[in-house]
Amino acid sequence: MNRFILADANKCIGCRTCEVACAVAHRPDGDVTGVSAVNFNPRIHVVKGGDISTATACRQCEDAPCANVCPNNAIRREHGFVHVLQDRCIGCKTCVVACPYGAMEVVTHPVVRNTGAAVNVLVEKAQANKCDLCYTRPQGPACIEVCPTEALRCIDRNELEAMSAEKRRRAALDAGAQLYS
Amino acid sequence: MSVSLDDIENSKCLFVFGYNGADSHPIVARRIVKARQKGAKIVVCDPRKIETARIADQFLQLHNGSNMALINAFIYTLIEEELYDKEFVAKYTEGFDGLWDVVKDYAPEAVEAATGVPAAQIRQAMRTYAGAESAVIMWGMGVTQYGQGTETVKSLAALALLTGNLGRAGAGVAPVRGQNNVQGACDMGVLPDLFPGYQSVADPAIREKFAKAWGIDPAQMDPEPGVRLSLVPHLAMEGKVKAYYIMGEDPMQTEADTSSVRKGLEALDLLVVQDIFMTKTAEMADVILPATSWGEHSGVYTCCDRGFQRFYKAVEPKYNVKRDWEIISLIATEMGYPMHYDNDQQIWDELRELCPIYYGVTYEKMGELGHIQWPCPTLEHPGTPILYTDLKFTAVASGKGQLLTHQWRKPAELTTPDYPLVLSTVREVGHYSCRSMTGNCAALKALADEPGFVQIHPDNARQLGIQDQALVWVESRRGKVITRANFNERVNRGAVYMTYQWWVGACNELTQENMDPVTNTPETKYCAVTLKSIDDQNWAESHAEQIYQDLKARLRSVVENAKPAAVAM
């Protein structure tokens, strides 16, 4: 089962530190001073409503709609998450439309491409951006590391099972006891 | 504050009044969240549904400017429902009868209209606070930045005294300061009436002690208190202050009623600004003294819980900059008083010798990132995490806690049909103070940038024909600025909120003073404004951008055209 990042809305204070950490962690140079409004593309997003502050990111679906609809087979399940192979991405945005969580975004960045005739031109390269659990980062997801209130967790099979067990227990013992009373 | 920040986690009840931790101090907000996880009751009083209000047991959404009316109703409830700690009040406090004289007209039912809080909620809040095993009252600028700030603080302290919530673990009063190291500035005597260590300049014995240490004649020391920061522009306009030396402050950005500050600074004969980056204040300076930034030097900070912490240099300073104390030493020497220090520790040890409450806090004891809270009078003393454990309140000779409150006064500038909205100035998490530092941080700029924002409830915005994220005019009797409307369902209807750090959407062009008579803190939490939509948004975008670019160009040209010091110091 894929792991995924989950935020606890009871702990989130909406500070957006996770967004900055994400944007920095996904820069090839890892340099915070290189971030700007133009290239600020975090893969985790803080959402604030009237009563909720929380962060949202990809759920790493087991049967991922983004992967199913990708016309160029750029998205596949590997390394324990839903992985976008950026060199195959054509920026068609079908995955963005398909994702029920709004966790996928297509962003562009300028790259130098050799046309083959010894001419280098600057072109916009598209990239389908989503949480990759910082899989190349030895310390694991950057957002979890920086959250000041420990509101972010990486949920795996065991933790999900523990959460469900706790809910079953509560449902059975609290509500169940009253059923026949 | 009388408690420690880490002790806040252990309290059974947090009573949060006019303090938005999530935006002002995320690191303190973390303590609030942890206390909540550990089962503490949380009661929040704020006009906005702040992050803490989301996780609170009770949220009292009071009207802006009604703090004192609400607190008087709290005191009324404690007394009328006999929720107060009779034994504690009898043994350790004074002024109970006077308290009732003031609050007798503030029954929760009587102040419902003024505060906007249902009487049942007010009563329930006090039952929770008084019933808790231990409780901490936390407050911030939402209390102090009003014309009645000092009186309101005293009345909050009365709540703690009435319920015996002082002097023990998890119980106390916790004013959380506006800026990093404000406590340190006060500790160091950056107040007009005090030497370092809270020692009065009016006391001849104290003056003599400092004069002796500094090798000067005590008769040369000025026995009169100086003036407070917010009064300087006025005194300059009256011709009573001729020269102003500003270190690390940007009053053109952070003080209320910018146009009056501007006139004051223009009236000076000499303005010296010592800072790390260009600001609107530095632009007006006759002399700019470039100093090292926080990462380029070491030193000691004091946290708002009286805790001293050493910090260390991270990078070597570049270009022509000097340490703040080095600049002071050089100026003192030029003015005829040879001053010289070799390092931080020499200054710190001089301070310890002169300030009994800091004497035991040696460099060695502070160690690497240690935290020692004053008072710490002897070398063996471990510091004082909790104040008043002996329940002696030595500010008065009797040693008894003073139960004080006052009649509620309305804010100075109420709304009118022409200016129908309340403007309150607030903080946002990504930017610090005047933004001279965080505005230069690319990632924080990416989160929020010029021309800034005005938070408004969507219902108010729709009435005014304003779209979310559209540029709007915000106008008061003192000026008008352009900024971006930011729809926010958590703010109360009838009030709008701006952060004071923007150059373009500069809310202090709009605010008014109505200073607290004791602290001279302006009433930046309340003035009357109106919002106007702008039809031509393309024009507005380019206009806002133009103001920003012009200001940047002006600041750049000031630096480029500045004459370097003629004499090498």
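Residues numbered from 1 in each chain as written. Chains lettered and ligands numbered in written order. Predicted model: local features only at pLDDT ≥ 70, side-chain atom pairs only at ≥ 80, totals over all residues. Heavy atoms only, no water.

This paragraph deals with unusual backbone geometry. Of the consecutive residues Trp-374 of chain B and Pro-375 of chain B, the connecting peptide bond is found in the cis state with omega at 0°. Inspection of the secondary structure assignment puts Pro-375 of chain B in the loop between strand E14 (372-373) and strand E15 (401-402). Here Glu-450 of chain B and Pro-451 of chain B are connected by a cis peptide whose omega angle stands at 5°. For Gln-60 of chain A, which is not glycine, the phi torsion reads 50° and is therefore positive. Positioned with a positive phi, Gln-469 of chain B is a non-glycine residue whose angle comes to about 70°. With respect to the helices and strands, the residue Gln-469 of chain B is situated in the loop between helix H21 (458-463) and strand E18 (471-476). (Helix = DSSP H or I, 4+ residues; strand = E, 2+ residues; numbered from the N terminus.)

This paragraph deals with the pattern of salt bridges. Residues and elements named next belong to chain B. Applying the stated criterion to the full structure yields 36 salt bridges over all chains. Two residues, Glu-413 and Arg-478, come together in a salt bridge whose shortest N-O distance is 2.9 Å. Of the two residues, Glu-413 sits in the loop between E15 and strand E16 (421-426) while Arg-478 sits in the loop between E18 and strand E19 (479-487), which places them 65 residues apart along the sequence. Look at the salt bridges and you will find they share partners, linking Glu-80, Glu-81, Glu-109, Arg-123 and Arg-127 into a network. (Salt bridge = Lys/Arg side-chain N within 4 Å of Asp/Glu carboxyl O.)

The next point concerns the side chain of Thr-281 of chain B. Considering the arrangement of structural elements, one finds Thr-281 of chain B in helix H16 (residues 280-283). Not counting residues up to four positions away in its chain, the partners in contact with Thr-281 of chain B are Ile-246, Glu-249, Asp-250, Pro-251, Met-252, Leu-265, Leu-271 and Val-273 of chain B. (Contact = heavy atoms within 4.5 Å.)

This part covers the environment of Arg-207 of chain B. Residues and elements named next belong to chain B. Inspection of the secondary structure puts Arg-207 in helix H12 (residues 204-214). For the pair Arg-207 and Asn-181, spaced 26 residues apart in sequence, the C-alpha to C-alpha distance is 25 Å. In this structure Arg-207 touches Phe-195, Val-201, Ala-202, Met-221, Asp-222 and Pro-223, once residues within four positions along its chain are discounted.

This next bit is on the domain arrangement of chain B. Residue and element names in this part refer to chain B. Each assigned domain of chain B is listed with its residue range as follows: domain 1 (6-176), domain 2 (182-373) and domain 3 (421-560). The gap between the C-alpha centroids of domain 1 and domain 3 is 30 Å. Taken together, the contact pairs 21 residues of domain 1 with 24 residues of domain 3. Summed over both partners, the interface of domain 1 with domain 3 comes to about 1,700 Å²; 48% of that surface belongs to carbon and sulfur atoms. (Domains from an automatic or database assignment. Buried area = accessible area lost by both parts, 1.4 Å probe.)

Turning our attention to helix H15 (residues 258-266) of chain B. Residues and elements named next belong to chain B. Taken residue by residue, H15 has Thr-258, Ser-260, Val-261, Gly-264 and Leu-265 as its buried positions. Seen from one end, H15 has its buried residues packed into an arc of 160°, which puts them on one side. Facing away from the buried side of H15, by more than 90 degrees, are the exposed residues Lys-263 and Glu-266. Residues of H15 that are buried sit in contact with helix H13 (232-237), strand E9 (243-247), helix H14 (251-254), strand E10 (270-275) and H16. (Buried < 20%, exposed > 50% of the residue type's maximum accessible area, 1.4 Å probe, protein only. Arc of directions from axis to C-beta.)

A word on helix H1 (residues 17-25) of chain A. Every α-helix winds through 3.6 residues per turn, so residues three or four apart in the chain are directed the same way. The buried count for H1 of chain A comes to 7 of 9 residues, which makes it a mostly enclosed element. Residues of H1 of chain A that are buried: Cys-18, Glu-19, Val-20, Ala-21, Cys-22, Ala-23 and Val-24 of chain A. Residues of H1 of chain A that are buried in the fold lie against strand E2 (45-48), strand E3 (53-56), helix H4 (142-146) and strand E8 (152-155) of chain A together with helix H20 (442-447) of chain B.

Time to look at the interface of chain B and chain A. If you look at the interface, chain B gives 17 residues, while chain A gives 24 residues. Of the roughly 1,700 Å² buried between chain B and chain A, counting both surfaces, carbon and sulfur atoms make up 58%. Summed over the shared surface of chain B and chain A, the result is 1 salt bridge. The salt bridge partner of Asp-51 of chain A is Lys-49 of chain B, with a shortest N-O separation of 2.5 Å. In this structure, the connection of chain B to chain A is made through 10 residue pairs in polar contact (both at pLDDT 80 or more). Secondary structure elements with two or more residues in the side of chain B that touches chain A: helix H2 (26-37), helix H3 (51-54) and H20 of chain B. Top contributing element to the side of chain B that touches chain A by residue count: H2 of chain B, with 5 residues. (Polar contact = N/O pair within 3.5 Å; in protein donor to acceptor, adjacent residues only side chain to side chain.)

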